[in-house]
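Remarks on the overall topology
Residue strings, one per chain:
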Amino acid sequence: MTTATRKARYGLAGTPAPTGTGTPDDLTGRFDRDGYVVVGCLTRDEVDGLNDEALRIFRGEAGDITGLAASHEGDDDGEVLRRYACIHQPHKISPVLRQALSHPELVRVLTRLIGPDVKSMQSMLFTKGEGKPGQAWHQDEYFIPTRDRSLTAAWIALDDATVENGALWALPGSHRPGVIYPDREHDDERFDCAIEAYDFPYRDEDAVPLEVEAGSVVFFDGYLLHRSLPNTGRHGLRRALVNHYMSAQSLLPWQGPPEGTHTAKWDFRDVTLVAGTDPYAWKGYADVVRPHIRPSRDGGCGR
């Protein structure tokens, strides 16, 4: 099936809406219905700038990253980018990615989907070279629990994402029940070390591929069941910058409460305010999580 045929078959999922088009009700209506929406947000120059910064980060030139092996001046750029699939929290060492957290076009959409006060707690930089695995069915809310269902991902395509190179797949509407489905370990070589969700009332056949062009952003709900398959293309990376956001008006019970703190009162404060005000700013902010390489089957899952 050609890309054009897929786009015709799957509609919006394969056809990003240009920046600035559509009414706010269109945006929120599609998000509420499907659990995701695709919007064109970044220019070609901005994408190129992020890819240049990604190379600097993977070379170790931006700062310390746990698990990252040193590269040498003569190392091929492509080889450096293909050594790992993902770095967590790169915005902690990169002013460029820190600025990308609050990109005006992202904020424009996030404030429509979440509300006027938005904070971010995570960034992930994926390179996903040829042969690298995907991630099995999962819900982001499992990994980053919120108290108000406001968790929203912004999946920024830094290359054209296709079925062949490992684009996202989503189960439309699977966010609506607000249920966190059971999870289990798996040994499926198509996927990385993370758990897989199972026993949900949807079939693989119900999934749609989110094929998007570089510069497009897939915004999706924290309860949405989604996955990605391996990069089976013969040539080319599938790079993406993924940021996670939620309402700043809600506590974030992530990473577990310290001893002596009740779960209901726990608020993880290693966050960045990207829009509006933070009602809990009086608690202060922390710098706890450090940039690190995502565990892979090549490097060992650490189970």
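These remarks concern the structure in this document. What you see is a predicted model; the values in this text were computed from it and never measured.

Focus on helix α6 (residues 104-113)
- All of the buried residues in α6 are Glu-105, Leu-106, Val-107, Val-109, Leu-110 and Leu-113.
- Once α6 ends, the next one or two residues include Gly-115, with phi positive near 135°.

Observations regarding the environment of Phe-126
- Its place among the elements puts Phe-126 in strand β3 (residues 118-126).
- Linking Phe-126 and Leu-158, residues 32 residues apart in sequence, is a C-alpha distance of 9.3 Å.
- Once residues within four sequence positions are removed from consideration, Phe-126 is found in contact with Ala-85, Cys-86, Arg-238, Arg-239, Ala-240, Val-242 and Arg-294.

Regarding the pattern of salt bridges
- As enumerated under the stated definition, the model contains 19 salt bridges in all.
- A salt bridge links Glu-196 to Arg-184; its shortest N-O distance comes to 2.9 Å. Within this pair, whereas Glu-196 is found in strand β8 (residues 196-197), its partner Arg-184 is found in strand β7 (residues 183-184), the two being separated by twelve residues in sequence.
- A relative accessible area of 16% places Glu-196 in the buried class.
- You can call Arg-184 partly exposed: its relative accessible area is 39%.
- Residue Arg-269 is joined to Asp-267 by a salt bridge in which the shortest nitrogen-to-oxygen separation is 3.2 Å.
- The exposure class assigned to Asp-267 is buried, which follows from its relative accessible area of 4%.

Cut-offs used in this document
Residues numbered from 1 in each chain as written. Predicted model: local features only at pLDDT ≥ 70, side-chain atom pairs only at ≥ 80, totals over all residues. Heavy atoms only, no water. Buried < 20%, exposed > 50% of the residue type's maximum accessible area, 1.4 Å probe, protein only. Helix = DSSP H or I, 4+ residues; strand = E, 2+ residues; numbered from the N terminus. Contact = heavy atoms within 4.5 Å. Salt bridge = Lys/Arg side-chain N within 4 Å of Asp/Glu carboxyl O.

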